[in-house]
Structures are given as C-alpha cells and as structure tokens.
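Fold and contact review
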Amino acid sequence: ITTVSGNEFLLQSDIDFLILDWFHAIKNAIDRLPKERSCTSRNLEFKLKRSSSIELLNSLDTESKEPKPEHRKSLIFRLNYSASDTNDRNRVKSRLKKFISRRPSLKTLQEKGLIKDQIFGSHLHLVCEHEKSTVPQFVRLCIKAVEKRGLDVDGIYRVSGNLATIQKLRFVVNQEEKLNLDDSQWEDIHVVTGALKMFFRELPEPLFPYCFFEQFVEAIKIQDNATRIKSIRNLVKKLPRPNYDTMKILFEHLKKIAAKESVNLMSTQSLGIVFGPTLLRPEKETGNMAVHMLYQNQIVELMLSEYSKIFGSEED
C-alpha cells in the first residue's frame, strides 16, 4: 500500500482469509472517509503472495471517496489503474481467477503438512499433542541452553534481551525451522530466556490453568506452612499432564538458577517476581490486581523453595 504521504507498506501472507480480512479492513476505512469529492485515481497496491477470494478481485471495481486534503491524508489510497485500463484489468482478473481456482485450500495444505500449527500462541496441550510429548521441545531446548551457558549470568531471566532478536527467534520456532540455540545469532543468553518467557506469556491459557487460579491463591493464604505446602502439592497433582510435566521441568530448572544466587543474584524471591505474573493469572482482571500479583509471586517462590516436597513422590 502506498499512501499519498509517500509511506509504503507491504502486506503479505500465505493464509487467504487473512489477506481478505486486510483488504476489507482497508476498504472499510476508505468507505468511511468524508464523501466530498470523488477520487479518479486511487493508489492502493496489494502485493499479495496469493489469494483465494474471488470477492476480493471483484471488489477492485468499487469506487471510494477521498477526504479533504487536511483530513487523514494517510488513509487516502489510490488504485493504480484508470478507467482506460478496463480491458487489461479484466484480462488480469480472468487469469488470476483461473490461477486461484486451482490453488489448494488452507485445510488441504494443513493436512499435507505444508502449513504448520504455530508454537507460540497455541494452547499447551495442542503443542504437546503435535509433538507427541508432554513438554514442548522449545521449552526443553531453552532450558538446556540456559543451564549450559547461563546459570552464572548476572540477572538471568530478569535482564531483557534484544526484542528484535527475540522476535526473530520466535519466527524461526513458529516456522518449525531446525533450531540450534548454540548458533552465534542466539549467543546472547538473554535472548533465549526472553523467548522462553514470551512463550509462556503467549499461551492462550497460562501454565497454571484459569480454573486453578483461585484455588492456588486460597492455598497460599493458609497460615500453617505444612498445610500450605500440602495444599499446593495436591493442586499441582491435579493439573493436566502437559501442565504438570512442563511445570515440573521448568521449576526444577529455576531451582538450579536460585542455587547460583551468589553469582547470578537471582533468588527464589526474584524468580517469583519474574515468573509469577507469567505463569498464573486470573481469566478476568479485577480491581485486586496488586493483591493477585503478590500472591502470584508467593506461589512461585514457595514452589521453588519447597520443590522436593511439592513435586516429589508420595513416599518423600
């Protein structure tokens, strides 16, 4: 898309319904502009990888209006064709329709494995089902990398990595490219820890499922320490298998981080502050956010301090 002010934007996707959504969003924005004078030449250029929507092609013939120059200039678009281009345009549309009609559907591409389900932003159980495991492979790889070269790093998990590099790592993981965290482009261990925290933040439902949130909060409020630990342990045992196994391996890892507190300055309390809001949160935020945050931190801190009692066997 090229705007009158000269800004250029490229919108590109392999997913047809996203392309159509983009087109309609832009077209609706144009249609809502003041209709004071017609626009004879609109410069709206879609550089689409592909699209399966005949409706999108047909809608290229529709007219829209241009606002006064002083109003919302960035939303003025011009299609790069004129009325005299009708024959050429129809010829192109005809070819595109034939091409699109031969394209396989999104469902077909997914069934053939050509389009993969993403890792970031997917439900934990779906990621595990896809990988035929109970702990996401990405979580295991990050933990392995941090334990190999990050246990002694000052502020590990607290210090933020470069966001652009973290997003690049996120993209690689979502594209299911072979991931090697020993590659030089991931040499900053804070990028690895940042991506791991982002993975847990972007879970549609947190590692501690919503339906357990209030139960964990009530458990951490118990005054007697032995009873509090037993209550937390019982709740943890009730978690779905992917949540339990992922939680166990993550907390075992964080316990190793805390064991190096004298070097990395990350105590169980510090890790509770970092991971509390990331791992458990209420489904609907209320006015008790500050209080909830305190409990979130305390839950993580207790589970790290009493790891062996909470995740150990019944005999322990």
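See the structure above.
Computed from a predicted structure; not experimentally measured. Every chain begins its residue count from 1, and numbering advances along the sequence as written. Given that the model is predicted, a residue must reach a pLDDT of at least 70 before its local features are reported, and side-chain atom pairs must reach 80 or more before they are shown or counted; all residues, however, enter totals for whole chains, interfaces and linings. In computing side-chain values, all of the structure's heavy atoms are included and hydrogens and water are not.

Let's talk about the overall build of the protein chain
Spelled out, the test is: In DSSP terms, a helix is any run of H or I states spanning at least four residues, a strand is any run of E spanning at least two, and both are numbered starting from the N terminus. Per-residue accessibility, obtained with a 1.4 Å probe over protein chains only, is compared with the maximum for each type, and a residue is labelled buried under 20%, exposed over 50%, and partly exposed between these values. By definition in these notes, contact holds between two residues if any of their heavy atoms fall within 4.5 Å. For the area figures, the Shrake-Rupley method with a 1.4 Å probe applies, and any residue is considered shielded solely by the protein chains shown.
Within the protein chain, the secondary structure is distributed over 15 helices and two strands. Taken across its 316 residues, the protein chain has 42% of its residues classed as buried. Counting contacts in the protein chain only where the partners sit at least 6 residues apart, residues at least 24 apart contribute 75% of the total. With the model as given, the accessible surface of the protein chain reaches about 17,700 Å², and the carbon-plus-sulfur share is 50%.

Quick word on the packing of aromatic side chains
Threshold: Between the rings of Phe, Tyr and Trp (Trp by its six-membered ring), a pair exists once the centres lie within 6.5 Å; its type follows the angle of the planes, with under 30 degrees stacked, over 60 edge-to-face, and the other angles tilted.
Enumeration over the complete set of coordinates arrives at eleven aromatic pairs. Site record: aromatic cluster; members linked through ring pairs are Phe 208, Phe 212, Phe 216, Tyr 244, Phe 251, Tyr 307 and Phe 311.

Here's the deal with the nonpolar core
Rules: Only buried residues count toward a nonpolar core, which is a set of Ala, Val, Leu, Ile, Met, Phe, Trp, Tyr and Cys residues joined through side-chain atoms within 4.5 Å.
By size, the foremost hydrophobic cluster in this structure holds 67 residues, and its most contacted members are Phe 208, Val 236, Phe 251 and Met 303. With residues up to four places along the chain from it excluded, the contact list for Phe 208 reads Phe 216, Met 247, Phe 251, Leu 279, Leu 280, Ile 299 and Met 303.

Some words on the environment of Ile 119
In this fold, Ile 119 is placed in the loop between α4 (106-111) and α5 (124-131). Looking at Ile 119, the relative accessible area reads 5%, which means it is buried. As for Ile 119 and Asn 174, which are separated by 55 residues in sequence, their C-alpha atoms are 5.3 Å apart. What Ile 119 contacts, discounting residues up to four positions off in sequence, is Val 127, Glu 131, Val 173, Asn 174 and Phe 199.

Comments concerning the side chain of Ser 122
Under the convention used in this document: Side-chain atoms alone can form a polar contact between residues adjacent in sequence; in general such a contact is a pair of N or O atoms within 3.5 Å, and within protein one must be able to donate a hydrogen while the other accepts it.
With respect to the helices and strands, the residue Ser 122 is situated in the loop between α4 and α5. Among the polar contacts listed, one links the side chain of Ser 122 to the backbone oxygen of Gln 118, at a separation of 2.5 Å.

Some thoughts on the packing of helix α6 (residues 137-149) against helix α11 (residues 241-259)
Stated precisely, the cut-off is as follows: Fitted lines through C-alpha atoms serve as axes, helices being fitted only where they are in contact, and the angles separating the N-to-C directions of these axes extend from 0 to 180 degrees. With respect to orientation, any angle under 35 degrees is reported as roughly parallel, any angle over 145 as roughly antiparallel, any angle of 65 to 115 as roughly perpendicular, and every other angle as oblique. A clockwise turn of the near helix away from the far one marks a right-handed crossing, whereas an anticlockwise turn of less than a right angle marks a left-handed crossing.
Where α6 contacts α11, the axes come no closer than 11 Å and their chain directions differ by 15 degrees. The angle between the axes of α6 and α11 places the two elements in the roughly parallel class. Crossing of α6 over α11 shows left-handed handedness. Touching Arg 140, Ile 143, Val 146 and Glu 147 of α6 are Ile 249, Leu 250, His 253, Lys 256 and Ile 257, all from α11.

A word on helix α7 (residues 163-174)
Rules: One less than the number of residues in a helix, times 1.5 Å, gives the span that helix is expected to have.
Taking 1.5 Å of rise per residue, the twelve residues of α7 would be expected to cover 16 Å, and the 16 Å separating its terminal C-alpha atoms lies within 8% of that figure. Considering only its buried residues, α7 is in contact with α6 and α8 (189-201). Taken from the residues just after α7, Glu 176 is the one with a positive phi, measuring 55 degrees.

So, the packing of α11 against helix α13 (residues 268-279)
Heads up, the condition is: Each residue is assigned to one of three groups, with Ala, Val, Leu, Ile, Met, Phe, Trp, Tyr, Cys and Pro labelled nonpolar, Asp, Glu, Lys and Arg labelled charged, and all others, Gly among them, labelled polar.
Where α11 contacts α13, the two axes come as close as 10 Å, and the packing angle between them is 150 degrees. Between α11 and α13, the angle falls in the class roughly antiparallel. The way α11 lies across α13 gives a crossing that is right-handed. Seen from α11, the contacting residues are Leu 250, Phe 251, Leu 254, Ile 257 and Ala 258; seen from α13, they are Thr 268, Leu 271, Phe 275 and Leu 279. Across the contact of α11 with α13, the residue classes tally to eight nonpolar, one polar and no charged.

Description of the pattern of salt bridges
Test applied: Here, a salt bridge means any side-chain nitrogen of Lys or Arg that lies within 4 Å of a carboxyl oxygen of Asp or Glu.
Inspection of the entire model under this criterion finds eight salt bridges. Close ionic contact of Arg 158 with Asp 154 constitutes a salt bridge, the shortest N to O distance being 4.0 Å. Judged by relative accessible area, Arg 158 falls into the partly exposed class, the value being 44%. Its relative accessible area of 44% is what places Asp 154 among the partly exposed residues.

Here's the deal with the side chain of Glu 306
Topologically, Glu 306 is positioned in the loop between α14 (289-305) and α15 (307-311). Sequence-distant contacts of Glu 306, that is, excluding residues within four places in its chain, are made with Asn 225 and Ile 229.

Points about unusual backbone geometry
Positioned with a positive phi, Tyr 157 is a non-glycine residue whose angle comes to about 80 degrees. Looking at where Tyr 157 falls in the secondary structure, it is placed in the loop between α6 and α7. Of note in the backbone geometry, Leu 265 takes a positive phi value of approximately 60 degrees without being a glycine. When you line up the elements, Leu 265 lands in the loop between α12 (261-264) and α13.

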